[in-house]
Every structure is written in C-alpha cells, then in structure tokens.
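Below, each chain spelled out in residue letters.
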Amino acid sequence: MLPSPVRSLKSLSTTVRSPKVLRTEVLAGLVVALALIPEAISFSIIAGVDPRIGLFASFTMAVTISVVGGRPAMISAATGAVALVIAPLNREHGFGYLVAAVILGGLFQIVLGALGIARLMRFVPRSVMVGFVNALAILIFMAQVPEMHDVPWAVYPLIAGGLALMVFFPKLTRVVPAPLVSIAILTAITVGAAIAVPTVGDKGALPSSLPVPGLPDVPFTLDTLTTIAPYALAMALVGLMESLMTAKLVDEITDTRSSKTRESVGQGIANVVTGFFGGMGGCAMIGQTMINVRVSGARTRLSTFLAGAFLMVLCIVFGPLVSDIPMAALVAVMVMVSVGTFDWHSIAPGTLRRMPLGETGVMVITVACVVATHNLAIGVVVGTVTAMVVFARRVARVAQVTSVTDPEGGSVLYAVTGELFFASSNELVTRFDYAGDPDRVVIDLSATHIWDASSVAALDAITAKYAQRGKTVEIIGLNQDSAHLHETLSGELAAGH
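Just so it is clear, the model here is predicted, and its values are computed rather than measured. (Residues numbered from 1 in each chain as written. Predicted model: local features only at pLDDT ≥ 70, side-chain atom pairs only at ≥ 80, totals over all residues. Heavy atoms only, no water.)

Attention now moves to the environment of Arg91. If you trace the backbone, Arg91 turns up in helix H4 (residues 80-93). Separated by 42 residues in the primary sequence, Arg91 and Val49 place their C-alpha atoms 9.2 Å from one another. (Helix = DSSP H or I, 4+ residues; strand = E, 2+ residues; numbered from the N terminus.)

In structure tokens form, the structure reads like this:
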C-alpha cells in the first residue's frame, strides 16, 4: 500500500484527468479563497497580529492539509477558536512566543493523533458540543466589541449596511459569497466617498511575497517551554476538537468515511509547517468547509489545495486593494459568523421544555466556563465531566430490586434490574431484608450487568451479611462478562466486606 501522502498526490493527479471534476474543484477552490480573505484578516485581528500572519497561516494550513489530512475537501485555515486561545500569549509575551506555541501545538497534535485521541471524541456528549459552539460564537462577538468602541460615527452605518447585504444578497444569488460582496461594496463606498474610518491597512502591511521558513525569535530555554506549553496544549485540543467535529459533519454530508487519526496527525503537521513559516496556526473551518462541500460540490483534495494557492495569489496581486478594506466590513462579517455559528435552536423555548434539565445544565456550564476563562478546551473538559456526573446519577437511580418470597417460606428471590457500577451498587446493599428473609436467598442478575469492582464488593457485602445470620446466598443469571468479573474479584476485595 502506498504511504498516505503519496496516495493523496495520486488522487490529485486523478482529479486533474477528469475535466468535469476539475472544473468543480477549481471553482470551489476560488470561491473558498475569496471567502477566506476577510475571515483570515479578521482572525488575525482577534489574535492581535498583522493581517498577513493570518493569511500566511490560511495558505500553509490549506496547502499542507490537502496532502496529509484525512478528510478530503475539508478546509483548514486560520480560525477564531485558535486565535482566541493564542491571543493572550501574543499580547503578554510577543509574536515570537506565539509562533513557538503554534509549532509546539502541532507537535502535541501529532502525538495525540498517534495515540488515538480521535477515538475519545465519542465520549464528548452532544450537550457539550452545543455549548462549545455557542461559546465560540459568543467569544467571536465579544472580540468585535473593541472595534465598535471610540470610532468615527460612520463606522456604525457601515456595519449595519454590511449586515444587511449579507442577509439579503444570498436571496439573489449564492454564486459569490455574501461576505465578499459586502466587503467589496463597503470598500468601494469608503474609498469613493473618501470616508475616514479605520482600515485593514491601519492594522499592518499585507504580504507582497510568499512566506519564507524560519525559526521563532525566542530563547530556547525551559522557561520559554513552560510559558508556551499551556497555550500550545489548549490550541492542540481546541484545534483537534473543531477539526474532528467538522470531519464528522463532512462524512455525513458526503456519505463517505474518513480517517480521523490521519486527520489528527495531519492537523499537527500542518500547524508545525505553518509555525515555521511564521503563521498563527489554525484548524478546520466549519463555514468554509460548508461553502466548499455543500455549496460548491467539491469532493477532493484539489479544492483544498487551490483554496490556499488562490489565497496567496489574490493577496500578492491585489494587496493594495485589500489594505483599503474598512474594518467595519470585517466587523460585520464576524458578527454574521457569530450569529451563524450560534445554535439558536438549542435555546428555543420548545427545545428547553423538551430537553432534560441535566442536558441543558451541561450546555450552560460549558458556555459559562468558556466565556469566563476564554479557553474552549477548559469549557469542554468541565462540560464533559459534568455530563458524566449527570449520567452517573441518572443511571444510578435506574437500578431496581424486587423480591418474591416462596409461598412455603423456604426461600426468597430478589430480581435486580439496571446497571451495577460504583454509583448504583452503593445503594444495592441497603435493599435487602437481612433479618427477615428465610434461610435461602437467590439473587437474579439476568437483567443487569456488573461493570466494576464496586459492584462485586457490594455483592460480597450482601453475601457476608446473610452469612453472619446463618443464611446462604445464590447468585444466578450472570452474563459472560459479569460472571468473569465476579469470579475474578469475588472474595478478593476485603474492604467490601
């Protein structure tokens, strides 16, 4: 079998030989590149770096992941989630530390991917994912507030006009992305009417050439490592979460499967490459991926590669024009991204009435933790742990014990239903009448499953309590796995007696 990157290149060459597929992929790549420019610049502003840094990152991420990634047609570039994580590091320590964190974050992703972290995604419940998405939307909106404070009055009608264009233009056509149309019109208005408002050029110079590789400008010491490691790990986790969730979505849309492990490792490789080229890092972009897959109909790696390539061509050739884009246009774009990202259905009154209180609580806790800490990874971890506690409490109450006494009074049968694990087994011991039961006790476990040592210890404790009164206990109905666990541990857990 060919190595993965070689297979990727071979698939690209196959695409080129199909005119129809080639046309679809090229047009899709161009549309995505046009839509990437404003978002990459906006995410650069969030991270507190020059716009060219986000553009470089989008270029290197897209081109690299098109070869090493595990999900064809998925777009990876500079993202708001990664920008939010690394912004404090850039603000407090400088750009060199940001680049070093991107490289280290990529290495973390490679290691985590090789260890199979993709398999752990199935333990992240839906309520946490909804909270994750909603918190991301809130943080993106909050990041726009400074751009609307203490600015010329003309900024506000420009933002309102940009929002109106992005809402109504898609009703006319979806061939050209509405954010790009909005930016083009607002730029023409501000330039043509000579309206003095903050522009992209005020934030820094755009690239006039391709990025060149280099090492981050930081001291290579243990102190530097301890400074960047927390940010790098947070970036790695957030990037993998977004990328794996996006890959799963594309799998469902295209009815195809992808290698999540390869995608995890590929994201790491792309971030390492991006870091050495002076980019701000990134991950999969849900919005741009939907433009590529759902709107444009792309299905291969070629569209991802061309999105990055076209992006650099547009910046280098049309750089002066991009510098005149008013910041109000980008604020409008990011507000729309925020509104579009938020899962409004999750807070609809009808949804809240039907949703279990615990599920809603997990979502709210996830959002609150993310907004309070500005760290998406912390919110997801806290939300997942909370969901596990809610689940454990819910399942613990499911275990039931019913008894049937022999008419002759010689024995009693206890039927146990539900799942037996540490939370439910602690209550199990109290459900038996040790003093009043006859000499022979039968416990039927055919409708349950023993999951852990706590459950075995509870059964041992029940047997011991009856034995102290001269009564015998027979346990029946164990399935194969439960019987093996019980046989292995029964009598060996002294603390359970």
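All right, on to the packing of aromatic side chains then. This structure, assessed with the given rule, holds six aromatic pairs. Geometrically, the ring pair formed by Phe432 and Tyr434 is tilted, given 6.3 Å between the ring centres and 35° between the ring planes. Of the residues examined, Phe432 reaches a relative accessible area of 8% and is grouped as buried. On the basis of relative accessibility, which here comes to 10%, the residue Tyr434 falls in the buried class. Relative to Tyr466, the ring of Tyr434 has its centre 4.8 Å away and its plane inclined at 55°; by these criteria the two rings are tilted. Residue Tyr434 is located in the loop between helix H17 (422-428) and strand S5 (440-450), and its partner Tyr466 is located in helix H18 (residues 453-467); the two are separated by 32 residues in the primary sequence. Of the aromatic side chains, those joined through ring pairs into one cluster are Tyr414, Phe432, Tyr434 and Tyr466. (Phe/Tyr/Trp six-rings, centres within 6.5 Å; stacked < 30°, edge-to-face > 60°. Buried < 20%, exposed > 50% of the residue type's maximum accessible area, 1.4 Å probe, protein only.)

This part is about the packing of helix H2 (residues 19-47) against helix H3 (residues 51-68). For the pair H2 and H3, the least separation of the axes is 7 Å and the interaxial angle reads 125°. Between H2 and H3, the crossing angle belongs to the class labelled oblique. Read as a crossing pair, H2 and H3 show a hand that is right-handed. Between H2, through Ile37, Ala40, Ile41 and Ser44, and H3, the contact on the second element is made entirely by Pro51, Ile53, Gly54, Leu55 and Ser58. Looking at the contact of H2 with H3, its residues break down into six nonpolar, three polar and no charged. (Axes fitted to C-alpha atoms, helices over the stretch in contact; angles between N-to-C directions. Parallel < 35°, antiparallel > 145°, perpendicular 65-115°, else oblique. Left-handed = near helix turned anticlockwise from the far one by under 90°. Contact = heavy atoms within 4.5 Å. Nonpolar A, V, L, I, M, F, W, Y, C, P; charged D, E, K, R; others polar.)

Here we come to unusual backbone geometry. Its identity as a non-glycine residue notwithstanding, Ala73 has a phi of 75°, on the positive side. Counting through the fold element by element, Ala73 comes out in the loop between H3 and strand S1 (76-77). Looking at Ala73, the relative accessible area reads 2%, which means it is buried. For Asp150, which is not a glycine, the phi torsion comes out positive at approximately 55°. Note on placement: Asp150 falls in the loop between helix H6 (126-144) and helix H7 (155-168).

A few words on the pattern of salt bridges. All told, the structure shown has four salt bridges when counted by the stated rule. A salt bridge links Asp251 to Lys260; the shortest N-O distance between them is 2.4 Å. The salt bridge partner of Arg440 is Glu474, with a shortest N-O separation of 2.7 Å. You can see Arg440 sitting in strand S5 and its partner Glu474 sitting in strand S6 (residues 472-476), a full 34 residues away along the chain. One continuous salt-bridge network, built from bridges that share partners, spans Arg71, Asp251 and Lys260. (Salt bridge = Lys/Arg side-chain N within 4 Å of Asp/Glu carboxyl O.)

This part is about the sheet that holds strand S4 (residues 411-420). In space, the four strands of this open sheet follow the order S3-S4-S5-S6, with mixed pairing throughout. Edge positions in the sheet fall to strand S3 (400-405) and S6, since each has one partner strand and no second. The sheet shows a mean angle of 20° between the axes of neighbouring strands, direction not considered. (Pairing = 2+ DSSP bridges.)

A few words on the nonpolar core. Residues Leu55, Met280 and Leu311 are the most contacted members of the largest nonpolar core, which totals 75 residues. With 12 residues, H2 is the largest single contributor of residues to this core. Look past the residues within four positions of Leu55 in its chain and what remains in contact with it is Ile37, Ala40, Ile41, Ser44, Leu206, Pro207, Leu311, Met312 and Cys315. (Core = buried A, V, L, I, M, F, W, Y, C linked by side-chain atoms within 4.5 Å.)

Empty space among the atoms becomes apparent when a probe as large as a water molecule is rolled across them. One pass over the structure, following the stated rule, counts four cavities of 30 Å³ or more. In this model, the largest cavity occupies a volume close to 80 Å³. Lining the largest cavity are Arg126, Ser127, Val130, Ser346, Thr351, Leu352, Met355, Glu359, Thr360 and Met363. Those elements giving two or more residues to the lining of the largest cavity turn out to be H6, helix H14 (349-354) and helix H15 (357-373). Taken together, the residues of the lining of the largest cavity sort by class into four nonpolar, four polar and two charged. (1 Å grid on protein atoms, 1.4 Å probe; cavity = no way out; pocket = protein on both sides within 12 Å on 5 of 7 lines; lining within 4 Å. Points joined across faces, edges and corners; volume = space filled by probe spheres on them.)

This brings us to the packing of helix H9 (residues 222-254) against helix H11 (residues 286-295). One way to put it is that H9 packs onto H11 with a least axis distance of 11 Å and a crossing angle of 20°. The orientation of H9 with respect to H11, classified from their angle, is roughly parallel. Considering how the two elements wind past one another, H9 and H11 form a crossing that is right-handed. Between H9 and H11, the residues in contact are Thr246, Leu249, Val250, Ile253 and Thr254 and Ile286, Thr289, Met290, Val293 and Arg294, respectively. Its residues assigned to classes, the contact of H9 with H11 shows six nonpolar, three polar and one charged.

Our next topic: the layout of surface pockets. Roughly 1,600 Å³ of internal volume is contained in the largest pocket. Along the walls of the largest pocket sit 42 residues, with Ile286, Gly287, Met290, Gly340 and Thr341 positioned nearest its centre. Of all elements in the fold, only H2, H4, H6, H7, helix H8 (178-192), H9, H11 and helix H13 (327-341) reach the threshold of two or more residues within the lining of the largest pocket. A breakdown of the residues in the lining of the largest pocket according to their chemical character gives 27 nonpolar, seven polar and eight charged.

Let us now look at the side chain of Asn134. As for its position among the elements, Asn134 is in helix H6. Here the side chain of Asn134 touches Asp343 through a polar contact of 2.8 Å, landing on its backbone nitrogen. Excluding anything up to four places from it in sequence, Asn134 contacts Phe342, Asp343, Ser346, Met363 and Val367. (Polar contact = N/O pair within 3.5 Å; in protein donor to acceptor, adjacent residues only side chain to side chain.)

These values are about where atoms sit, not about what they do.
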